[in-house]
Amino acid sequence: MRIAHLSDPHFGTEVPEVVAALQAALPVLRPDAIVVSGDITQRARPAEFDAAARFVDSLPPVPKLLVPGNHDLPLFNLPLRLLLPDQGYRRVFGAPEQERHAGPLSFAGFDATLRWRHTRGDLQAAHVQSRMAAVGGGAALRIAVMHQPLHTALEEDRDECLLSAAAIADALAGADTDLVLSGHVHMPLLADTRSVFPRLRRHFVLSGAGTAVSHRIRSGAPNSFNLLDIDENCLRITASLHAFDAAAGRFMPATVRHYQRDADGWRAASPAENLSQL
Ligand SMILES: [Fe+2]
Ligand SMILES: [Fe+2]
């Protein structure tokens, strides 16, 4: 099974050339499910949501799960932000917290946005644990999707994590979560939880995706998405980062990491292979 993990397209700031490259890449990669982990739009404008919906509809016809990000709430229209913060998102994509199933994979999307805070996000641990337990019943792989991450690649981004990241990690581990997909910092991350949250009852894999198509890229992090390949027994995950190569005009695999499932959860099976340096 193959998951294409996209994030932070920020429609309203999309680069048409990169959108076209992604639309060309995904049918060739043949994912079984597609996730978009928030910041679908730049300013939650109706036209931005409409453009995002057209983009999502143009992708391969497989189960898709989206969650809202902080940019999907109106920033300047304070009454709307406080009273009906997810009105724009709901009009186009429906409820902000949904579930999807694809073969042995079960996905739960979480709305971590906070109407009172501009960028920070948070969740309730009991809510996370009960939804993961419900959605994952019998699933071979339990996957949680939330915009703000539990951990970041860069030290300087740590205050962009979920406010209750450690408690949420505990709740996810308590519900036997295997994979957590996030975005928000526009800086990719492929890691397991062993060094980040060493005391978890059971460890899981963190997939942080960069911005898929926005010009809001950061130094050292071009547009990218993550591809997660799960073997048929759900005992191994191969995670690869695909980065946009401006010279070639297409997405190219850049980094690959392997994870295996042990009795106490997931662990990295081998050092990262940096394909861009081969
Ligand atoms: Fe973003
Ligand atoms: Fe964000």
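Heads up: the structure comes first, above all this text.
Residues numbered from 1 in each chain as written. Chains lettered and ligands numbered in written order. Predicted model: local features only at pLDDT ≥ 70, side-chain atom pairs only at ≥ 80, totals over all residues.

1. Describing the overall build of the chain
Then comes step 1: Counting its regular elements, the chain contains six helices and 14 strands.
Then comes step 2: Its C-alpha radius of gyration of 17 Å places the chain within 12% of the 19 Å reference for a compact globule of 278 residues.
Then comes step 3: Relative to its 278 residues, the chain shows a buried fraction of 47%.
Then comes step 4: Partitioning the contacts of the chain with sequence separation of at least 6, the portion at a separation of at least 24 is 72%. (Helix = DSSP H or I, 4+ residues; strand = E, 2+ residues; numbered from the N terminus. Rg over C-alpha atoms; globule rule 2.2 N^0.38 Å. Buried ≥ 20, exposed ≤ 12 C-beta atoms within 10 Å, placed from the backbone. Contact = placed C-beta atoms within 7 Å.)

2. Quick look at the sheet that holds strand β8 (residues 189-192)
Then comes step 1: Reading across from one edge, β4-β5-β6-β7-β9-β8 is the order of the six strands in this open sheet, with mixed pairing throughout. The sheet terminates laterally at β4 (99-102) and β8, the two strands that pair on one side only. Taking the axes of each pair of neighbouring strands and ignoring which way they run, one obtains an average angle of 15 degrees across the sheet.
Then comes step 2: For β4 and strand β5 (residues 105-110), the ladder comprises four bridges, and the chain directions are antiparallel. The residue of β5 that forms the bridge with Arg100 is Phe107.
Then comes step 3: Along the sheet, helix α5 (residues 125-135) contacts β4, β5 and β6 (141-146); its crossing angle with β5, the most-contacted strand, is approximately 155 degrees. (Pairing = 2+ DSSP bridges. Axes fitted to C-alpha atoms, helices over the stretch in contact; angles between N-to-C directions.)

3. As for helix α6 (residues 165-174)
Then comes step 1: Those residues of α6 that sit buried are Ala165, Ile168, Ala169, Ala171, Leu172 and Ala173.
Then comes step 2: Looking at the packing, one finds that the buried side of α6 touches α5, β6 and β7 (179-182).
Then comes step 3: A positive backbone phi angle near 55 degrees is found at Asp176, which sits one or two residues after α6.

4. Examining the pairing of β7
Then comes step 1: Along β7, one buried face is formed by Leu179 and Leu181 and the opposite face, lined by Val180 and Ser182, is buried too.
Then comes step 2: Across three bridges, the pairing between β6 and β7 is parallel. Bridging across to β7, Ala144 finds its partner in Val180.
Then comes step 3: Once the chain exits β6 it traverses α6 before rejoining the sheet at β7, and the crossover so formed is right-handed. (Right-handed = clockwise from strand over helix to strand, strands pointing away.)

5. Quick look at unusual backbone geometry
Then comes step 1: Although it is not a glycine, Arg30 sits at a positive phi angle of roughly 50 degrees.
Then comes step 2: By the element assignment, Arg30 lies in the loop between α1 (16-29) and β2 (33-36).
Then comes step 3: What makes Arg30 exposed here is the crowd of 10 C-beta atoms within 10 Å.

6. Quick word on the environment of Glu97
Then comes step 1: Within the element layout of this structure, Glu97 appears in the loop between α4 (87-93) and β4.
Then comes step 2: The contacts of Glu97, once residues within four sequence positions are left out, are Gly109, Phe110 and Asp111.

7. Comments concerning the nonpolar core
Then comes step 1: Among the nonpolar cores identified, the biggest contains 72 residues, and Val35, Phe110, Ala144, Val145, Ile168 and Leu172 are the most heavily contacted of them.
Then comes step 2: Ranked by residues supplied to this core, first place goes to α6 with six residues.
Then comes step 3: Val145 has contacts with Val35, Ser37, Leu65, Val67, Phe107, Gly109, Phe110 and Leu181, leaving out every residue within four places of it along the chain. (Core = buried A, V, L, I, M, F, W, Y, C linked by C-beta atoms within 7 Å.)

8. Section: the environment of Arg54
Then comes step 1: Along the chain, Arg54 turns up in helix α2 (residues 46-58).
Then comes step 2: For the pair formed by Arg54 and Trp266, sequence separation is 212 residues and the distance between their alpha carbons is 36 Å.

9. So, α2
Then comes step 1: Here α2 contains 13 residues, and its C-alpha end-to-end distance of 18 Å stays within 8% of the 18 Å for a straight helix at 1.5 Å per residue.
Then comes step 2: Among the residues of α2, those classed as buried are Glu48, Phe49, Ala52 and Phe55. Around the axis of α2, the buried residues are gathered within 120 degrees of arc, so they sit on the same side. Facing away from the buried surface of α2 by more than 90 degrees, the exposed residues are Pro46, Ala47, Arg54, Asp57 and Ser58.
Then comes step 3: Contact partners of the buried residues in α2: α1 and α4. (Expected span 1.5 Å × (residues − 1). Arc of directions from axis to C-beta.)

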